[in-house]
Amino acid sequence: MAEDSFDPRAVRISKLEALKARGVNPYEPTRFDATAFSQEIKEHYEQWEGQWVRVAGRIMAIRTHGRAMFLDLVDQQGKIQCHLREDIVGENAFALTEFMDLGDIIGVEGTVFKTRRGEVTIEVRQYQFLSKSLLDLPDKRHGLTNVDLRYRQRYVDLLVNPEVREVFNIRSKTITYIRQFLAERDFVEVETPVLLPIAGGTEARPFVTHHNALDMTLYLRIALELHLKRLIVGGFDRVYEIGRVFRNEGISTKHNPEFTMLELYQAYTDYQGIMELVESLLSYLVTRIKGQAVIEYQGQQLDFTPPFARVDMVERLYEKTGVRWESIVTTEDAHQFAKKLGIAVDPRFDRSQVMDKIVGQVVEPDLIQPTFLWHHPVDISPLAKRDPKNPSLTERFELFVAGRELANAFSELNDPLDQRERFLRQQEQRRQGNDEVPPLDEDFLNALEHGMPPTGGLGIGIDRLVMLLTDSPSIRDVILFPTMRPLTPGTMPEP
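Below you will find a few notes about this structure. (Residues numbered from 1 in each chain as written. Predicted model: local features only at pLDDT ≥ 70, side-chain atom pairs only at ≥ 80, totals over all residues. Heavy atoms only, no water.)

1. Here we look at the packing of aromatic side chains
1) Next: Summed over the entire model, instances satisfying the criterion amount to seven aromatic pairs.
2) Next: Relative to F129, the ring of Y127 lies with its centre 6.0 Å away and its plane at 70°, an arrangement referred to as edge-to-face. In this structure, Y127 and F129 share a single accessibility class: buried.
3) Next: For the pair F304 and F308, a centre-to-centre distance of 6.2 Å together with 80° between the ring planes defines the contact as edge-to-face. (Phe/Tyr/Trp six-rings, centres within 6.5 Å; stacked < 30°, edge-to-face > 60°. Buried < 20%, exposed > 50% of the residue type's maximum accessible area, 1.4 Å probe, protein only.)

2. Some words on the pairing of strand β12 (residues 294–297)
Residues in a regular strand project their side chains so that they alternate between the two faces of the sheet.
1) Next: The side-chain alternation of β12 yields one buried face, formed by I295 and Y297, and one unburied face, formed by V294 and E296.
2) Next: When β12 meets strand β13 (residues 300–303), the two strands line up antiparallel, connected through four bridges. The partner of I295 across the bridge, within β13, is L302.
3) Next: Here β12 folds back onto β13 in antiparallel fashion, the turn holding two residues, of which Q298 has a positive phi close to 50°. (Helix = DSSP H or I, 4+ residues; strand = E, 2+ residues; numbered from the N terminus. Pairing = 2+ DSSP bridges.)

3. Brief notes about the pairing of strand β3 (residues 79–85)
1) Next: Burial analysis of β3 places five of its seven residues in the buried class, which makes it a mostly covered element.
2) Next: Bridge count for strand β2 (residues 68–74) against β3 is seven bridges, and the pairing is antiparallel. Its bridge partner being in β3, M69 is matched across the sheet by L84.

4. A closer look at helix α1 (residues 8–21)
1) Next: Over its 14 residues, α1 extends 20 Å from the first C-alpha to the last, a length consistent with the 20 Å expected when each residue adds 1.5 Å.
2) Next: Among the residues of α1, R12, K15, L16, A18 and L19 are the ones counted as buried. End-on, the buried residues of α1 take up no more than an arc of 160°, which puts them together on one face. Within α1, the exposed residues directed more than 90 degrees away from the buried face are E17 and A21.
3) Next: For α1, the secondary structure elements touched by its buried residues are β5 (120–131).
4) Next: Among the residues of α1, the N-terminal cap falls to D7, whose side-chain oxygen and the backbone nitrogen of R9 are separated by 3.1 Å.
5) Next: Taken from the residues just after α1, G23 is the one with a positive phi, measuring 85°. (Expected span 1.5 Å × (residues − 1). Arc of directions from axis to C-beta. Contact = heavy atoms within 4.5 Å. Polar contact = N/O pair within 3.5 Å; in protein donor to acceptor, adjacent residues only side chain to side chain.)

5. Regarding a nonpolar patch on the surface
1) Next: Residues Y155, L480 and F481 make up a contiguous nonpolar surface patch of about 330 Å² in total accessible area.
2) Next: Inspection of the secondary structure puts Y155 in helix α7 (residues 154–160). (Patch = residues over 30% accessible without salt bridge, like charges linked within 9 Å, V, L, I, M, F, W, Y side chains within 5 Å. Areas by Shrake-Rupley, 256 points an atom, 1.4 Å probe, with all protein chains shown as cover. Salt bridge = Lys/Arg side-chain N within 4 Å of Asp/Glu carboxyl O.)

6. Section: the sheet that holds β5
1) Next: Spatially, β1-β2-β3-β5-β4 is the arrangement adopted by the five strands of the closed barrel, whose pairing is mixed. Put simply, the sheet's adjacent strands are angled 55° from each other on average, direction ignored.
2) Next: Pairing of strand β1 (residues 52–65) with β2 involves seven bridges; the strand directions are antiparallel. Bridge pairing in β2 places I62 opposite L71. (Axes fitted to C-alpha atoms, helices over the stretch in contact; angles between N-to-C directions.)

Here's what the structure looks like:
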């Protein structure tokens, strides 16, 4: 066969056929009961030395030495070496190793010992094929380095890059620790609808679908807020949800169309009580995951030791630009202000949207250490209570870390008449073409009119939090299967 026509898949299929011809179907076994995992055997060798074990995993290295061979077997905990000798497993079984390939999944049984070099190893007494891999894994030396392909074929990425598996182990632990933290504080975890007749709770363009049986348009939720506050009205004083939300917007290193949010609501507290909760939660998480309150993210040392810094939004904007928020009265004034600062904004933006964009460009990037940016103006905070000392501002904060938003929180507006007035002002924006403004939610207003206690609310982006905890530069690094543009047939990138 010419070298340029070599087909690795065809070679593997021929090995599969050879195995079947010898009475071995690698896909036939339905069960293999492992009694141990790789890491626990290695970490507790004294307990396992000489013991009989059953371990299953994927072959990631093969080293042949005449009538013996070493395999690196990888399971969910890590890697362990296996030793096969013809005089132990038998001539027929050893002959079948000729048809083994990297990526094959096998189950082994044998005893635990250490080689002369001190490596914990399983002396295999018998083994069986559990699945045959028909495609080559990426070259061991270079691995899977094409970033686009890593995201598209996450299953291969996880196989060949152990550090990627660790990222998602940390993600899982983070969510577990959040649940433990909140359970200790008497929060109740709930689930609320994903399909909604009105996608409210923030401003974002929703995904649209259709329910055939009811013949109605539905939207994927863009926030968890409004249903959780309905539960506060219903008597759940401490409630939270960790769930997927969906926003039909651009994709970047900080944005994915579907992402995971933690939203919680606590009755009889305010935004300052939520600040204290956030400080406790994040310092707890960072310490549990990293062993200390100081972590490194993209070369920056971040200290999560409470208390976090507090920065007034309007005052910091004045410090940065010499212009006060309230002096920008009209939409035209706001666009001129942005132009003067050299900040490009959508010409359709109204005054509040332009000012919010300016803050994002001028104020937020400098907030590196965990910092609460608070006292947002009312016109960009339609769901937050007014500050009694300055009714043009609200009892709201956003938490910034490494120059990006991690959390958003309010003293929740519970005055149904004020809430209706603010929603109606938003509807004017909707009539002018802002399709990110949701329709008026009369049922939510009806819930508020039944009476909602003073409440503090919080939203934290789980994906961005995991980015910090794993030193990941892109949100796609912490989402197992991020949204990707489909490839044109025949254009799969090289590993």
